[in-house]
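Here are the chains, one letter per residue:
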Amino acid sequence: MRARDTEALYSEATIFGKYLVGDTPPQDALELYAAANASKKVQAAADQRLLSFIHRNPWSVGMIDGGLNIVNRQSEVRRRIYVMFSILETRPEHHEKFLSKERGHGYLLSVLFIGAFGLVKSLLGIALVKVVGK
Amino acid sequence: MNIADYIVIGSGCSAAMASQTLVEAGAEVLMVDVGNTNPDYHKLVPQKDFINIRKTEAEQYKYMIGDDAGGVVWGDIGKGAQIAPPRRHMVHGIETYLPTESKTFFPVESLGYGGLGIGWGLQCWEYSDADVKATGLDTGRMTDAYETVSKRIGISATQDEGSRYTMVHLKNFQPSPHMDRNHERIMQRYEANKDYFHKRNFTLGRTPLALITQNKDGRKGYQYRDMDFYHDNDQSAWRPWITVDKLRTKKNFTYLGGHLAVSFKEKGGYVELQCLTIPGEKPVTLRCRKLIVGTGALGSARLALRSSKTPGAKLPLLCNPYSYIPCLQPSMVGKEVESEKLGFAQLSLFLDETKNDSGTSVASLYSYQSLMLFRLVNQVPFLNFNDSRKLLQYLASGLVIMGVHHPDATTAQKYVSLVPKKNSPTGDHLQANYELTAEEKAIFDARERKFIAAGRKLGIYAAKRINPGYGASIHYAGTLPFSQEEKPFTLNPDGRLHGTKRVYVADSSGFNYLPARGLTFSLLANAHITAQKALQHD
């Protein structure tokens, strides 16, 4: 793999890591992400455009991810975020983001808010996917 | 010319059990197997519980998702998608050496050391007498054989209301492992509402497992590490390779790996077995006085068809229709993870509409923890992965998976045949067709709705019903059914292939009917009986 491709994958992994757990992933997680995607080129033009947009505008990744879950679940963009999700889940420093925790009854309200706000983000994401992916 | 007493093909459940019976009787046995292994992964997994590993082990990704994240399957959740990297050798090479083509049937087979037993869920239900008869087996012999198998492999079980469905006659067993909090609550709800369930023909009981809870024969009693999807380090769970490893220390047993059995031919007083070496695909001929086939119902069908004069013949096929239903137990959400847990089925819910245990369907109940969130997160609708993670992290402690199996009977729409194929090392592939009749579909659909309703009464609420495709149950049988008549492609009641004098089939190929209860315990018992019969005919 060319150094430039590797750098692009590292940068992508960093964006996804910050998006998923709010933190820059360690170097070995970046390397694992790059190895997992080295031979998997993004074929669809719309996915390429969306990935480029995410590289330039990291704030958009959550909306695009949610939008794609509604309009194109099998998108290569989502596959890549999914790979990063699984890598981060196996990182001991992030176990608190994945393992169950004791929560009070009040937390249900937070979950309902996350669901409702998440749905709004996904709906906005549909518009973004339509515009950017065109 | 070198002629072995017995050649046993395969190293899975049937082959291991038949071999043990032969070896213990003093016979010389040669086991012929491909025997793919994956020893390096097991060395990587530390002797810690799942939670401890998740919190501390930097290299956990190697066995949780694979060195290059190759265990992360995107999209298709069918064939072997849930197999963890340390067990991937179970399915290695099957596309090349055991090709199957079908639009309706998607089986998982194995060329691994230990066969499909590498990933078996350990459920050890005994068939009822009615089911044993419908299967074509002998009830008296099977009762004794279940006992023998239980003594060999070690089974944990509980005498409870469900025992009439789970361990009809079994006397030799260890105590069940203790239940996790999810299952304790389900059991409490069942106890409090027994009348409701009885009126609707449901019975709940502990699931007998091939999992020892007390030390036995050098194996450790279960340690509740919840790492069962990743390794067999304590050998608490019985896997066929444990038996084969032990047999390999005996003088009258030889293991020959790297050989794929292709066909056989009887010649005078012996059987010639044609094999291909793997890798290399060089033809090799082996000879024996008696051949015991234990390659699973599909593998045995391939061998019988290739070795016959009519390789294109259609053989019947049985497979348990299967759905899984992710459920939520609201009273358990938002709870801290349990470190002492197990990943196997803990409870079995039986739906016996005839009230005489004939045609019963069964749901196995599992908690969801050690397969991790990433295997679930892509099933969450509408939300992005980050919001889905937050949601699942909250819900995970209350997740219960209900796996529903239905019985299966032969119809004209369920069959396999062998078709020539260029570029296949064996020159052919298996063609399969599996379609349920409209009546079968309606019955199973109605039953699954009843299971969902029963779940609500147990305090678990179904999120959706998922049909992973026919073949996903990994329960296959019936390709060479038992028959009293001397007909081609059938077995006599002793397991001998009609038309042969020295070829026995020790797996589930002979079953005329496939009860919903997992078949493994019964095929282990049948393998023992078949080996005994082969010995008696010496």
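Residues numbered from 1 in each chain as written. Chains lettered and ligands numbered in written order. Predicted model: local features only at pLDDT ≥ 70, side-chain atom pairs only at ≥ 80, totals over all residues.

1. A look at the overall build of chain B
Thought 1: Summing up its helical and strand segments, chain B has 16 helices and 23 strands in all.
Thought 2: Rg of the C-alpha trace for chain B: 22 Å, near the compact-globule value of 24 Å for 538 residues, within the 12% margin.
Thought 3: Taking the principal axes of the C-alpha coordinates as reference, chain B spans close to 70 × 55 × 45 Å. (Helix = DSSP H or I, 4+ residues; strand = E, 2+ residues; numbered from the N terminus. Rg over C-alpha atoms; globule rule 2.2 N^0.38 Å.)

2. Focus on the overall build of chain A
Thought 1: Counting its secondary structure elements, chain A contains 6 helices and 0 strands.
Thought 2: Taken from the N to the C terminus, the helices and strands of chain A come in the order α-α-α-α-α-α.
Thought 3: Taking 2.2 N^0.38 as the reference for a compact globule, 134 residues should give roughly 14 Å; the C-alpha atoms of chain A span a radius of gyration of 16 Å, in line with that estimate.
Thought 4: Principal-axis analysis of the C-alpha atoms places the extent of chain A at approximately 50 × 35 × 20 Å.
Thought 5: Relative to its 134 residues, chain A shows a buried fraction of 41%.
Thought 6: Considering only contacts in chain A between residues 6 or more positions apart, those separated by 24 or more positions represent 72%. (Buried ≥ 20, exposed ≤ 12 C-beta atoms within 10 Å, placed from the backbone. Contact = placed C-beta atoms within 7 Å.)

3. Re the environment of Ser358 of chain B
All names here are of chain B.
Thought 1: Summarising the element assignment, Ser358 is placed in the loop between β14 (347-351) and β15 (361-367).
Thought 2: Ser358 sits in the partly exposed class, given 16 other C-beta atoms within 10 Å.
Thought 3: Through-space distance from the C-alpha of Ser358 to that of Gly296 is 25 Å; in sequence the pair is 62 residues apart.

4. Thoughts on the sheet that holds strand β3 (residues 100-101) of chain B
Thought 1: Within the open sheet, the 4 strands sit side by side as β3-β19-β18-β11 (chain B). Their pairing is mixed. Here the strands that pair on one side only, and so sit at the sheet edges, are β3 and β11 (315-316) of chain B. (Pairing = 2+ DSSP bridges.)

5. Let's talk about the interface of chain A and chain B
Thought 1: Opposite the 37 residues of chain A that make contact, chain B presents 37 residues.
Thought 2: Its residues placed into classes, the side of chain A that touches chain B shows 18 nonpolar, 11 polar and 8 charged. (Nonpolar A, V, L, I, M, F, W, Y, C, P; charged D, E, K, R; others polar.)

6. Quick look at the pairing of strand β13 (residues 322-328) of chain B
Residue and element names in this part refer to chain B.
Thought 1: Most of β13 sits inside the fold, with 5 of its 7 residues counted as buried.
Thought 2: In this sheet, strand β20 (residues 461-462) lies alongside β13 in antiparallel orientation, the contact comprising 2 bridges. Residue pairing for β20: Cys327 is matched across the bridge by Ala462.

7. Some words on unusual backbone geometry
Most peptide bonds take the trans form, and the phi angle of most residues other than glycine is negative.
Residue and element names in this part refer to chain B.
Thought 1: A cis amide bond, omega 0 degrees, links Ile278 with the succeeding residue Pro279.
Thought 2: If you trace the backbone, Pro279 turns up in the loop between β9 (270-277) and β10 (283-293).
Thought 3: Although it is not a glycine, Leu122 sits at a positive phi angle of roughly 75 degrees.
Thought 4: Position of Leu122 relative to the elements: it lies in the loop between β3 and α6 (129-135).
Thought 5: Its identity is not glycine, yet Asp226 carries a phi of approximately 60 degrees, on the positive side.
Thought 6: Relative to the helices and strands, Asp226 resides in the loop between β6 (202-206) and α11 (240-247).

8. Focus on the sheet that holds β14 of chain B
Whether parallel or antiparallel, the strands of a sheet pair through hydrogen bonds between backbone atoms.
Residue and element names in this part refer to chain B.
Thought 1: Reading across the sheet, the 6 strands line up as β6-β14-β15-β16-β13-β20 and stay open at both edges, with antiparallel pairing between neighbours. The strands lining the two open edges of the sheet, one partner per strand, are β6 and β20.
Thought 2: Along the sheet face, helix α9 (residues 181-192) touches β6, β14, β15 and β16 (399-405) and points at about 140 degrees away from the line of β15. (Axes fitted to C-alpha atoms, helices over the stretch in contact; angles between N-to-C directions.)

9. Description of the packing of helix α1 (residues 13-24) of chain B against helix α16 (residues 520-536) of chain B
Residues and elements named next belong to chain B.
Thought 1: For the pair α1 and α16, the least separation of the axes is 8 Å and the interaxial angle reads 40 degrees. The element α1 and its partner α16 pack so that their crossing is right-handed. Seen from α1, the contacting residues are Cys13, Ser14, Met17, Ala18, Thr21 and Leu22; seen from α16, they are Thr520, Leu523, Leu524, Ala527, His528, Thr530, Ala531, Gln532 and Leu535.
Thought 2: For the contact of α1 with α16, a count of residues per class yields 9 nonpolar, 6 polar and no charged. (Left-handed = near helix turned anticlockwise from the far one by under 90°.)

10. A closer look at the packing of α1 of chain B against α11 of chain B
All names here are of chain B.
Thought 1: The contact between α1 and α11 brings their axes to 9 Å, and the two run at 30 degrees. One finds that α1 runs roughly parallel with respect to α11. Considering only the axes of α1 and α11, their crossing is left-handed. Residues Cys13, Ala16, Ser19, Gln20 and Val23 of α1 form the contact with α11, whose own contacting residues are Pro240, Thr243, Val244 and Leu247.
Thought 2: The residue inventory of the contact of α1 with α11, partitioned by class, reads 6 nonpolar, 3 polar and no charged. (Parallel < 35°, antiparallel > 145°, perpendicular 65-115°, else oblique.)

11. A look at α11 of chain B
Residue and element names in this part refer to chain B.
Thought 1: Burial runs high along α11: 6 of the 8 residues are buried.
Thought 2: Three or more residues of α11 are buried, namely Pro240, Trp241, Ile242, Thr243, Val244 and Leu247.
Thought 3: Taken together, the buried residues of α11 touch α1, β2 (29-32) and β7 (253-256).

12. What about the environment of Ala261 of chain B?
Residues and elements named next belong to chain B.
Thought 1: Examined against the element boundaries, Ala261 turns out to sit in strand β8 (residues 259-267).
Thought 2: Take Ala261: there are 24 C-beta atoms within 10 Å of it, and that puts it in the buried class.
Thought 3: Along the sequence, Ala261 and Asp33 sit 228 residues apart, while their C-alpha atoms lie 7.5 Å from each other.
Thought 4: Setting aside residues up to four positions removed in sequence, Ala261 forms contacts with Ile9, Val32, Leu273, Cys275 and Leu303.

13. Here's the deal with the pairing of β2 of chain B
Residues and elements named next belong to chain B.
Thought 1: Burial along β2 is two-sided: the face carrying Val29 and Met31 and the face carrying Leu30 and Val32 are both buried.
Thought 2: Sheet topology places strand β1 (residues 4-9) next to β2; 4 bridges connect them, and they run parallel. Its bridge partner being in β2, Val8 is matched across the sheet by Met31.
Thought 3: Crossover connection from β1 via α1 to parallel β2: handedness right-handed.
Thought 4: Both β2 and β7 contribute to a ladder of 4 bridges, which runs parallel. Paired with Val32 across the bridge in β7 is Leu256. (Right-handed = clockwise from strand over helix to strand, strands pointing away.)

14. Let's talk about the confidence of the model for chain B
Thought 1: Per-chain confidence: chain B averages 94 in pLDDT, with 99% of residues scoring 70 or above.
Thought 2: Of the two predicted TM-score estimates for the complex, the pTM is 0.94 and the ipTM is 0.97. (pLDDT = per-residue confidence, 0-100.)

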